[in-house]
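# Survey of secondary and tertiary structure
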Amino acid sequence: MTTLSRRRFLSGAATVLTISAAPGVLASPPKTLRIGWTAWSDAEAVTHMAKQLIEAKLATKVELVMTDIALQYAGLQRGQIDLMLMAWLPNTHKGYWDKVQGDVEDLGALYTDAKLGWAVPDYIPKSVLNSLDDLKKPDVKDKLKGQIQGIDAGSGLMRSSEQALKAYGLDYRLLTASDAAMVSALDRAMRKNEWIVVTTWSPHWLFSQYKIRYLEEPQKVLGGAEEIHALARKGFTADFPKVAAFIRNFKIPLSDLEGVMFKARSSSYDKEAAAYIASHPQLVSKWLSAAL
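Residues numbered from 1 in each chain as written. Predicted model: local features only at pLDDT ≥ 70, side-chain atom pairs only at ≥ 80, totals over all residues. Heavy atoms only, no water.

## Details of the confidence of the model for the protein
Residues with a pLDDT of 70 or more make up 90% of the protein, whose mean pLDDT is 88. Counting interchain partners and residues more than four positions distant, the pLDDT-below-50 stretch residues 1–30 has 21 contacts. (pLDDT = per-residue confidence, 0-100. Contact = heavy atoms within 4.5 Å.)

Given below as structure tokens:
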């Protein structure tokens, strides 16, 4: 986690303590709902949609708290954040989930058919590199400079990727970076027609922008199909019943989400979330039906 993220997380927690300890207040002000998030493109898209609808339709102020995924789970367990919209279950975040499942509320899946994997540019011949097993070939390792481009170190994808290196006997260096830095590395390599392997996932706008493909992964160390769930701190439904009802109905098609993510690259997630909400009134009405 960056120093800035740590400061945001800790300062937010202090704000909650200050508000709850304020004396002499006759009527409590509206409580701010704190949503944790990490700068992953799918999480950013759904988090901005939720924020806009909660504030505009459910009259509840939302504070977004950007922090490491591990701290989001810990924050939920400790009641320092109220909600997160990026729990990859049942496999990717299993280690985190096992530690907190008795102390949080599972509000259900936001979208399904997600997956993790390692991807390569399509111009790399399948006859040479088509699976993780092929990475053991000396000529392939040489072309890849003995490295795999990863994302942030705390992510479930990186944990699974470390396990994949061991399972397949791969002597590669797994590079840590942000999602944006991983994309930049891919873009640079493809502009030069160079070989690269990146750790990535679906949904991601990468698959709309670049001609890339997943490598086959016969041992399934990186897992199969996943669901992305909304998790809340214990007592959330009692404290925010309307928001909880909305989140339980908040289901977005994977293809729609990837479209929002792709468009946000040339504008912003806030703007594209608003555009999607405005252009899908029937779906939004369904999401909010149990909350209004």
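After presenting the structure, the write-up continues.
## Quick word on the packing of aromatic side chains
As enumerated under the stated definition, the model contains seven aromatic pairs in all. Note on F207 and Y214: the rings are 5.0 Å apart at their centroids and 35° apart in plane angle, and the pair reads as tilted. The partly exposed category is assigned to F207, whose relative accessible area is 26%. On the accessibility criterion, Y214 (18% relative accessible area) is buried. Aromatic side chains F250 and W287 sit 4.6 Å apart centroid to centroid with 70° between the ring planes, which places their arrangement in the edge-to-face category. On the criterion of sequence distance, the pair formed by F250 in the loop between α10 (241–249) and α11 (254–264) and W287 in helix α13 (residues 281–288) is long-range, its members being 37 residues apart. The residues F250 and W287 share a single accessibility class, namely buried. Counting every residue linked through ring pairs, the aromatic cluster contains F246, F250 and W287. For K115, the ring lying beneath its charged end belongs to Y214, and the centroid distance is 4.2 Å. (Phe/Tyr/Trp six-rings, centres within 6.5 Å; stacked < 30°, edge-to-face > 60°. Buried < 20%, exposed > 50% of the residue type's maximum accessible area, 1.4 Å probe, protein only. Helix = DSSP H or I, 4+ residues; strand = E, 2+ residues; numbered from the N terminus. Lys NZ or Arg CZ within 6 Å of the ring centre and 35° of its normal.)

## A closer look at the pattern of salt bridges
For the structure on display, the rule yields 10 salt bridges. In this structure, the salt-bridge partner of K51 is E55, at a minimum N-O distance of 3.1 Å. Taken together, the positions of K51 and E55, both in helix α2 (residues 41–57) and four residues apart, correspond to about one turn of that helix. The class of K51 is partly exposed, set by a relative accessible area of 22%. The partner of D134 in a salt bridge is K137, with the nearest N and O atoms 3.5 Å apart. Linked through salt bridges whose partners overlap, the residues forming this network are D82, R233 and D239. (Salt bridge = Lys/Arg side-chain N within 4 Å of Asp/Glu carboxyl O.)

## Comments concerning the packing of α2 against helix α12 (residues 269–279)
For the pair α2 and α12, the least separation of the axes is 9 Å and the interaxial angle reads 60°. Between α2 and α12, the crossing angle belongs to the class labelled oblique. Judged by the twist between their axes, the crossing of α2 over α12 is right-handed. Here S41, E44, A45, H48, M49, Q52 and L53 of α2 come into contact with α12, specifically with Y269, D270, A273, A274, Y276 and I277. (Axes fitted to C-alpha atoms, helices over the stretch in contact; angles between N-to-C directions. Parallel < 35°, antiparallel > 145°, perpendicular 65-115°, else oblique. Left-handed = near helix turned anticlockwise from the far one by under 90°.)

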